[in-house]
Amino acid sequence: MMKKATLIILILCSFCYSFASAKAPRWKMNTPQTSPSGIRYSLIKPGKGTLPGDSNIAIIDYCQYNQSRQQVTQSSLRQYRKGYHVELCEKQIDPGFRNAIKLLRKGGKGFFSWRSPKGDSVHYYIRLRQIAPPPNYAGFFIDNAPDTVPIRIDDPEKENFGDSTILIVTLAELPALLPGCDSAHKEMYVMLKFTERYFDNGVKYRDVLVAVPCVNTFEKGFFEPGKRYIVTALKWHTSDEVFREVTDSYQSVNTKRYRCLRIRKA
C-alpha cells in the first residue's frame with residue numbers, strides 16, 4: 001500500500017511539474033536594447049553557438065502577450081511540447097518575428113517587442129531550443145502512377161517524417177476574395193479548387209481543395225484557371241487552423257482538402 005501511495009504521489013508531482021513547465025513566463029523587459037531592424041528586446045539568456053540564418057529552421061517556444069503585457073494571448077508551450085518549428089525563409093512570416101528569432105543563439109531566450117505590418121505593437125517571449133538545417137525535399141521516392149505520387153519528406157512541424165503527396169492538378173477557378181499577407185500572428189492561406197485526374201477502371205476526374213499560402217507572394221498571373229500545376233501537399237487538418245488563417249469559400253465536406261507545401265506550374 002505504501003509503495004502504491006508513493007507511486008501516486010510521484011505521478012502527481014510529475015504532472016504538476018509538467019503543468020508548471022508549460023506555464024508562460026511573466027513579462028519582464030529589463031534594460032531593453034534595440035536591434036538594427038527595430039526590435040526592442042531584453043535577453044534573459046543569449047545562448048551559445050552561431051545565430052540562425054534565413055535558410056535554417058528554428059525550433060522555438062513562444063508566448064504572445066497583450067498590449068498591457070499582463071496576459072498571454074497565444075502560447076506554444078502546451079500544444080507543441082517538442083517545440084514549434086519555423087522555416088525562417090518563409091515569406092509569410094512577420095518580419096519582426098523572424099528578426100527576433102535571429103537575435104538568439106541555441107538555448108537563448110528573452111522578451112521582444114516590435115511593430116507588426118499593421119502598425120500594432122506586439123510582444124513576445126521566445127526561447128530558441130535548436131537550430132536545424134533547411135529541409136531536404138530532394139529525396140523523393142516514386143512508386144505509383146504519375147498523377148498521384150506518395151512521397152516521404154521531413155515535416156518540420158511534427159518532428160517526424162510525414163506522408164506527403166504530389167498532385168498534378170488543373171486550377172478550376174479563382175475565388176472572388178483573395179486575402180493578403182498582412183496578418184501579424186497567423187499564416188494567411190486561401191483554399192483553391194483544382195481538378196485532379198486519376199485512374200479507376202479508366203480516366204476519371206474529381207475536385208480537390210488545396211490551401212495555398214499568401215497568393216500575393218507569387219508572381220502576377222501565376223494562378224490561372226485551366227492551367228496545370230504540380231503541388232506537394234499534406235492532408236489538411238483542423239489543427240492547421242490554430243496558427244493559420246484560411247479563407248475557404250467551399251462548404252463541401254466530402255471534397256479532399258490539402259495544405260500546400262510547394263507549388264509550381266506543370
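Residues numbered from 1 in each chain as written. Predicted model: local features only at pLDDT ≥ 70, side-chain atom pairs only at ≥ 80, totals over all residues. Heavy atoms only, no water.

A.B. asks: How do you make sense of the nonpolar core when you look at a structure like this?
C.D. replies: Ranked by size, the top nonpolar core spans 20 residues in total, and within it I60, V86, F97, I101, F112, W114 and I126 carry the most contacts. The set of elements that each furnish at least two residues to this core consists of β3 (57-65), β5 (84-87), α2 (95-101), β6 (109-115) and β7 (121-132). Ranked by the residues each element gives to this core, the list is headed by β7, at four residues. Contact partners of I126, with chain neighbours within four places excluded, come to I60, D61, Y62, F97, A100, I101, L104, G108, K109, G110 and F112. Grouped together as the second largest cluster of nonpolar side chains are 18 residues, L167, F194, V210 and Y229 included. (Core = buried A, V, L, I, M, F, W, Y, C linked by side-chain atoms within 4.5 Å. Buried < 20%, exposed > 50% of the residue type's maximum accessible area, 1.4 Å probe, protein only. Helix = DSSP H or I, 4+ residues; strand = E, 2+ residues; numbered from the N terminus. Contact = heavy atoms within 4.5 Å.)

A.B. asks: Explain the environment of I39 here, please?
C.D. replies: On the secondary structure map, I39 appears in the loop between β1 (33-34) and β2 (40-45). We classify I39 as buried; its relative accessible area is 2%. Between the alpha carbons of I39 and S113 there is a distance of 6.0 Å; along the sequence they are 74 residues apart.

A.B. asks: How should I be thinking about a nonpolar patch on the surface in this particular structure?
C.D. replies: Taken together, the side chains of F199, V203 and Y205 present a nonpolar region at the surface, about 350 Å² in accessible area. By the element assignment, Y205 lies in strand β11 (residues 203-213). For Y205, a relative accessible area of 58% translates into the label exposed. (Patch = residues over 30% accessible without salt bridge, like charges linked within 9 Å, V, L, I, M, F, W, Y side chains within 5 Å. Areas by Shrake-Rupley, 256 points an atom, 1.4 Å probe, with all protein chains shown as cover. Salt bridge = Lys/Arg side-chain N within 4 Å of Asp/Glu carboxyl O.)

A.B. asks: When you look at the packing of aromatic side chains in this model, what are you seeing that I'm missing?
C.D. replies: Centre-to-centre distance and the angle between the planes together describe a pair of aromatic rings. Scanning the model with the defined rule gives 16 aromatic pairs in all. When the ring of Y62 is compared with that of Y84, the centres are 5.6 Å apart and the planes differ by 70°; the resulting orientation is edge-to-face. Remark: Y84 occurs in strand β5 and Y62 occurs in strand β3; sequence separation between them is 22 residues. Of the residues examined, Y62 reaches a relative accessible area of 3% and is grouped as buried. Under the relative-accessibility criterion, Y84 is labelled buried at 9%. Plain terms: the ring middles of F97 and Y124 are 5.1 Å apart, the flat faces sit at 65° to each other, and that makes the pair edge-to-face. With F97 in helix α2 and Y124 in strand β7, the pair connects residues that are 27 residues apart, well separated along the chain. The residues F97 and Y124 share a single accessibility class, namely buried. Among the aromatic residues, those joined into a cluster by ring pairs are Y62, Y84, F97, W114 and Y124. (Phe/Tyr/Trp six-rings, centres within 6.5 Å; stacked < 30°, edge-to-face > 60°.)

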